[in-house]
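Fold and contact review
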Amino acid sequence: QVQLVESGGGLVQPGGSLRLSCAASGSFLSIQDMAWYRQAPGKQRELVAAITSGGTTTLADSVKGRFTIARDNAKKTVYLQMNLLKPEDTAVYFCNADIVVYTWQRPSTYWGQGTQVTVSS
């Protein structure tokens, strides 16, 4: 069974930094696109950053210049480095990955359980 497990969330002051990690485990053939989403209370889930298997990245306008996404294919892990955090970054952050389990199947999308990030003084 494929699982995505996030870690690294917590409470940080405005202007601070956090690094989120998301590791994939289980039996599967390959991981394609990976991404981070976030959902603040009362708001829809939104894409924060994405990275292809080849390393091409996409960042939401609201986090450009502050957040960086990276992946370690050997460790089956995606990271989100968050700098210059603002109170409006407060949300539950979810990891997302398109994973090929069997050769005859198209990639399936998996989600992590989410990790809380709170930016407050």
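In what follows, the structure referred to is the one given above.
A brief report on the enclosed structure follows. (Residues numbered from 1 in each chain as written. Predicted model: local features only at pLDDT ≥ 70, side-chain atom pairs only at ≥ 80, totals over all residues. Heavy atoms only, no water.)

Digging into the pattern of salt bridges
To be explicit about the condition: Here, a salt bridge means any Lys or Arg side-chain nitrogen found within 4 Å of an Asp or Glu carboxyl oxygen. When a residue's accessible area, from a 1.4 Å probe over protein chains only, is under 20% of the maximum for its type it is buried; when over 50% it is exposed; and in between it is partly exposed.
By the definition in use, this model includes 4 salt bridges. Where Glu46 meets Arg38, a salt bridge forms, and the shortest distance between an N and an O atom there is 2.7 Å. On the accessibility criterion, Arg38 (6% relative accessible area) is buried. Between Asp61 and Lys64 there is a salt bridge; the shortest N-O distance is 3.1 Å. Of the residues examined, Asp61 reaches a relative accessible area of 64% and is grouped as exposed. Through salt bridges with shared partners, one network takes in Arg38, Glu46, Arg66 and Asp89.

With respect to the sheet that holds strand 3 (residues 18–25)
How we decide: Pairing between strands requires that DSSP locate at least two bridges from one strand to the other. Put simply, DSSP marks the helices as runs of H or I at least four residues long and the strands as runs of E at least two long, and each gets a number from the N terminus on. Each axis is a line fitted through C-alpha atoms, and for a helix only the stretch in contact is used; angles between axes span 0 to 180 degrees, taken between their N-to-C directions.
As summarised here, the arrangement of the 4 strands in space is 1-3-8-7, forming an open sheet in which the pairing is antiparallel. Strands with a single pairing partner mark the edges of an open sheet, and in this sheet they are strand 1 (3–7) and strand 7 (67–72). Taken over all neighbouring pairs, the strand axes of this sheet differ in orientation by 15° on average, direction set aside. Pairing between strand 1 and strand 3: 5 bridges, direction antiparallel. In the strand pairing of strand 3, Gln3 is matched with Ser25.

Side note on the nonpolar core
Using the following cut-off: By nonpolar core we mean a set of buried residues, namely Ala, Val, Leu, Ile, Met, Phe, Trp, Tyr and Cys, connected to one another through side-chain atoms within 4.5 Å. Whether two residues touch is decided by their heavy atoms; if any such pair falls within 4.5 Å, the residues are in contact.
Within the largest apolar cluster, 30 residues are counted, with the highest numbers of intra-cluster contacts made by Trp36, Leu80, Met82 and Tyr93. Elements that contribute at least two residues to this core include exactly strand 3, strand 4 (30–39), strand 5 (46–51), strand 7, strand 8 (77–82), strand 9 (91–100) and strand 11 (115–119). With sequence-adjacent residues up to four places away left out, Tyr93 is seen in contact with Glu6, Leu20, Trp36, Tyr37, Arg38, Val48, Phe67, Leu80, Met82, Gly114, Thr115 and Val117.

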